[in-house]
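A structural walkthrough
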Amino acid sequence: MAQLSAVITTSDAGFRTSVTKLLRTSGLSIGIVDEKHAGATAPDLAVVDMRSSPSTALDAIERMRASWPAASIFAVASSAEPDQILRAMRAGANEYLAWSPHGDGLAELDEAFHTALKRTVERARPGKDSARSGVTLSFFGAKGGVGTTTLAVNSAIEISRLSKRPTLVVDLHQYLGEVALFLGVRPRFTLVDAIDNLHRMDAEFLRELVVRHKSGLDILAGGDQVDRPGPHDAPAIEQLLQMLGRSYDYIVVDAGAVTGPVAEVAVFAANTIYLVANPDIASVRNAHRMVDRFEQLGANKDRVRILLNRMSDQHQIGPKQIESTLGHNVHMMFPSDYGVVSSAMNSGVPLTLTNHSELAAQFDRFTRQIVNPTAEVASPEPARERASFLGLF
Ligand SMILES: Nc1ncnc2c1ncn2[C@@H]1O[C@H](COP(=O)(O)OP(=O)(O)OP(=O)(O)O)[C@@H](O)[C@H]1O
Ligand SMILES: [Mg+2]
């Protein structure tokens, strides 16, 4: 799950947009949760707009401080009057930030806000708040059919098996997606049922929503409607991923090759983003665009890992050429082996247990690094300068 969860309290849509942008560009993974769902799951951070009605805002800060003792509360006011700073601090605010309506907009708030955020992260370090533990791994495809679902599903099974910790795979696709199909399970409920019933989410309801695969992995299937999850569902999905992070140690998200608000949630929520590409021109060109987009969304390069799937001797582009094109190291390569992939999927037995192929060995290496990151060998090097490749970029 995201490193921090945040609530923004304001009646000004412009303020919400600006603060969301500040949070998203901080380089941290921050999940923005809806205040009405936040009561049950205390956020790490609340940003309260004090500019138009300071007394209402002070009441809100007091209420929040009582309900969420460990949360950081940022009061944003139109000026830095000592009297108001004192009242905000007495009500329970940890940080007081001045944002004048006549100033130079967001830039004015930028530095103070990010410094305050750093202090919040220090306060919210794991160990201090034991409620947070889940790791979210989002798998994206540079284009359709590159093997995103294959890599996400097999990794999830292996992570569950190796870690022996609660692990969930979430399919963000519409119309059931393919995760459930790949694993040979029939879901009774889907992601859409989960987001439509966030208000009644507890451990018992969650058990109903997911299907348990024989490996022990839980599955939350893709939506069963043609148009859902749609863009308007993005905030609820963000909220759901926050909640799931409190029940699962590992959440693997199959975000596929789609773009838009739902996919963006998978970026915001991810501790690590895996971008799956094949060694072909279209894949590499799209991967290049997606790495840029991830960066715009606040995901620094150290949160993004490139996975090359379906490598063979006949590949169009070599890994070195791909690395210099993307300005990003290739984290892992998976060989092309259709027989192994399809027989593992058809039998429902984890790929790494079915045989001793090179593909199985790569999955083993890949997932061991996730489960035991301190043993990681392939730590990302600083990105190199991008080279122009075939004049495409
Ligand atoms: N390493 C591999 N070697 C051989 N075949 C593979 C490999 N990885 C995936 N495949 C095959 O490629 C096809 C597409 O895989 P998959 O459905 O995982 O792709 P996807 O990126 O999720 O596609 P979509 O965009 O439709 O969701 C499947 O038939 C799968 O068995
Ligand atoms: Mg897929």
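Summary of the structure given here. (Residues numbered from 1 in each chain as written. Chains lettered and ligands numbered in written order. Predicted model: local features only at pLDDT ≥ 70, side-chain atom pairs only at ≥ 80, totals over all residues. Heavy atoms only, no water.)

1. As for the overall build of the protein
The condition is simple: The helix and strand labels rest on DSSP assignments: H or I over at least four residues marks a helix, E over at least two residues marks a strand, and numbering proceeds from the N terminus. When accessible area is computed with a 1.4 Å probe and restricted to protein chains, residues below 20% of their type maximum are described as buried, those above 50% as exposed, and intermediate ones as partly exposed. By definition, residues are in contact when any of their heavy atoms lie within 4.5 Å. Each accessible area is a Shrake-Rupley estimate made with a 1.4 Å probe; only the visible protein chains count as cover when residues are assessed.
When helices and strands are counted, the protein shows 16 helices and 13 strands. Counting across all 393 residues of the protein, residues that qualify as buried make up 53%. Taking contacts inside the protein between residues at least 6 apart in sequence as the whole, the part at least 24 apart equals 76%. Counting only carbon and sulfur atoms, one obtains 51% of the accessible surface of the protein, whose full area is about 17400 Å².

2. Re the site of ligand 1
Applicable threshold: A single heavy atom is enough: if one lies within 4 Å of a molecule or strand, its residue is considered near that molecule or strand. Each polar contact in these results corresponds to two N or O atoms within 3.5 Å; when the atoms are within protein, one needs to be able to donate a hydrogen and the other to accept it, and residues that are neighboring in sequence are counted only if both atoms are side-chain atoms. Under the grouping applied here, Gly and all other residues not named as nonpolar or charged are polar, the nonpolar ones being Ala, Val, Leu, Ile, Met, Phe, Trp, Tyr, Cys and Pro and the charged ones Asp, Glu, Lys and Arg.
The full set close to ligand 1 counts 16 residues, and Gly-145, Thr-149, Thr-150, Asn-309 and Asp-337 are the nearest of them. Take Asn-309: an N or O atom from its side chain is 2.9 Å from a nitrogen atom of ligand 1. Here a nitrogen atom of ligand 1 sits 3.0 Å away from a polar atom, N or O, in the main chain of Pro-335. For the shell around ligand 1, the secondary-structure elements that each account for two or more residues are helix H6 (148-163), strand E12 (304-311) and helix H14 (338-347). Taken together, the residues of the shell around ligand 1 break down into five nonpolar, eight polar and three charged.

3. Some details on helix H12 (residues 281-296)
Operational definition: The length a helix should cover is 1.5 Å for every residue beyond the first.
Between its first and last C-alpha atoms H12 spans 23 Å; for 16 residues at 1.5 Å apiece the expected length is 22 Å, and the two agree. Regarding H12, the residues found buried are Ser-283, Val-284, Asn-286, Ala-287, His-288, Met-290, Val-291 and Phe-294. Each element contacted by the buried residues of H12 is listed here: strand E6 (135-141), helix H11 (261-269), strand E11 (272-277), E12 and helix H13 (319-326). At the exit of H12 stands Gly-298, carrying a positive phi of roughly 95°.

4. With respect to the packing of aromatic side chains
Filter applied, for reference: Pairing of aromatic rings covers Phe, Tyr and Trp, the last through its six-membered ring, and needs centres within 6.5 Å; plane angles under 30 degrees mean stacked, over 60 mean edge-to-face, and all others mean tilted. We call a charge positioned above a ring when the Lys NZ or Arg CZ atom is no farther than 6 Å from the ring centre and deviates by at most 35 degrees from the ring normal.
All chains considered together, the criterion is met by eight aromatic pairs. Between Phe-334 and Phe-363, the aromatic rings sit 4.9 Å apart at their centres with planes inclined by 45°, giving tilted as the arrangement. Residue Phe-334 is found in strand E13 (residues 330-335), and its partner Phe-363 is found in helix H16 (residues 358-371); the two are separated by 29 residues along the sequence. Members of the aromatic cluster, each reached through a chain of ring pairs, are Phe-139, Tyr-274, Phe-334, Phe-363 and Phe-366. Above the ring of Phe-268, the side-chain terminus of Arg-24 is found at 3.3 Å from the ring centroid. Positioned above the aromatic ring of Trp-99 is the side chain of Arg-51, whose terminal nitrogen or guanidinium carbon lies 5.4 Å from the ring centre.

5. With respect to the sheet that holds strand E1 (residues 4-9)
Two modes of strand pairing occur in sheets, parallel and antiparallel, and in both the strands are linked by backbone hydrogen bonds. Selection criterion: A pair of strands is labelled paired if DSSP reports no fewer than 2 bridges between them. Angles shown run from 0 to 180 degrees and are taken between the N-to-C directions of axes, each axis being a line fitted to C-alpha atoms and, for helices, limited to the stretch in contact.
Strand order in this open sheet of five strands is E2-E1-E3-E4-E5, and the pairing throughout is parallel. In this open sheet, the two edge strands, each paired with only one partner strand, are strand E2 (30-32) and strand E5 (95-98). Averaged over neighbouring strand pairs, the angle between their axes works out to 25° when direction is ignored. Here strand E3 (residues 45-49) pairs with strand E4 (residues 72-77) via five bridges, running parallel. Directly across from Val-48, in E4, lies its bridge partner Ala-75.

6. Looking at the packing of H12 against H13
Think of two packed helices as two axes; the pair is described by the angle between the axes and how far apart they sit. The condition that has to hold: Any angle from 65 to 115 degrees is called roughly perpendicular, while one under 35 is roughly parallel, one over 145 is roughly antiparallel, and all others are oblique. Working rule for handedness: look at the near helix, and if it is turned counterclockwise from the far one by less than a right angle, call the crossing left-handed; if clockwise, right-handed.
Running from amino to carboxyl end, H12 crosses H13 at an angle of 30°, the nearest separation of the two axes being 10 Å. The orientation of H12 with respect to H13, classified from their angle, is roughly parallel. Of the two elements, H12 crosses H13, and the hand of that crossing is right-handed. Of H13, the residues touching H12 (which contributes Val-284, Ala-287 and His-288) are Ile-322, Thr-325 and Leu-326. A breakdown of the residues in the contact of H12 with H13 according to their chemical character gives four nonpolar, two polar and no charged.

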